[in-house]
Amino acid sequence: MAINFNKVEFILSAASEKQFVRDGMPQLAFAGRSNVGKSSVINRIVNRKNFARVGASPGKTSQINYFKIDGKLYLVDLPGYGYAKVSKTERDRWGKLMESYFQSAGLIHLGVQIVDARHKPTADDVTMHDYFVQTGCPVVIVANKLDKLKAREIEPNLAQIRETLSLRDDELVIPFSAEKGTGKEQLIAAILDQGIMLHRKASVWVDHTEAFYRISRGISGAASKARCSGRRIQTSARGSGGGARRRRSKFHLSPNPRLPQFDTLRALHACGRRRRR
């Protein structure tokens, strides 16, 4: 399927679940820390300057923004997590919005998680990646700010990202520079290869129990298993970095699955951590 990523239009900003787009068109969900350059990555992909707004300070994407690409898919810009100089009430609202989006079966076709190529992924990054995994959709990791690294730092940093997120050998980490355009074609190819050809039934979902408990309580996977009463996700397969990898446990649920009432993704927004330099 040929897609013109330069043909893009803003559709809407969803401030509540009832505004989510549910027309069956593939949705590519972009997520990342507030200061990781998510909007700049999106602008680079669609070849537009300031199309996705780049704020003077991080944490300004407060709604779920939908952009239609060539009339064939949606690029969904999710609120950033981990840093925002706003009230706790507003951060809680963001978290509830994100929680509703991830709980809605069949919306996400491909996750694109943006991390900082200069640093080891944070605990929030790991949590966000776990959340994508629990949806059952494929996820591509974009290591942005590659232009800030020296040549000798690139491979060790990418290896560190793989290890921290416990990625399998077949899971992509794309070195990317929103500033210079490095990695743009590779990311677009990954989107076409992994996202657009994916067809999922709305009735197929995954057990979010462990991920919900970890996010809401901020505890390790092993501890959450001991304390969580829902189904457990096995941890026998290993990623390339040697870390335990959670297998996706799919089963059939109704279109509106009943999930544990934890704060979940709100925890990512509720704690404004110090911004990394």
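As a reminder, the structure under discussion sits directly above these lines.
Residues numbered from 1 in each chain as written. Predicted model: local features only at pLDDT ≥ 70, side-chain atom pairs only at ≥ 80, totals over all residues. Heavy atoms only, no water.

Draft legend 1. Representation of unusual backbone geometry in the model. For Asp70, which is not glycine, the phi torsion reads 55 degrees and is therefore positive. With respect to the secondary-structure elements, Asp70 resides in the loop between β3 (64–69) and β4 (73–77). Residues other than glycine seldom take positive phi values, yet Ser166 does so here, at roughly 55 degrees. Locating Ser166 in the fold gives a position in the loop between α4 (151–165) and β7 (173–175). (Helix = DSSP H or I, 4+ residues; strand = E, 2+ residues; numbered from the N terminus.)

Draft legend 2. Spotlight on the pattern of salt bridges. Tallied over the full model, the rule gives six salt bridges. A salt bridge links Arg22 to Glu17; the shortest N-O distance between them is 3.6 Å. What makes Arg22 partly exposed here is its relative accessible area of 48%. Looking at Glu17, the relative accessible area reads 39%, which means it is partly exposed. (Salt bridge = Lys/Arg side-chain N within 4 Å of Asp/Glu carboxyl O. Buried < 20%, exposed > 50% of the residue type's maximum accessible area, 1.4 Å probe, protein only.)

Draft legend 3. Quick peek at the nonpolar core. Ranked by size, the top nonpolar core spans 35 residues in total, and within it Ile64, Tyr66, Leu78, Tyr101, Phe102 and Phe132 carry the most contacts. Those elements giving two or more residues to this core turn out to be β2 (27–32), β3, β4, α2 (88–103), α3 (123–135), β6 (139–144) and α4. Setting aside chain neighbours within four positions, we find Tyr101 in contact with Phe20, Gln27, Ala29, Ile64, Tyr66, Val76, Leu78, Leu107 and Ile108. Ranked by size, the runner-up nonpolar core spans 27 residues in total, among them Leu28, Val41, Ile42 and Val140. (Core = buried A, V, L, I, M, F, W, Y, C linked by side-chain atoms within 4.5 Å. Contact = heavy atoms within 4.5 Å.)

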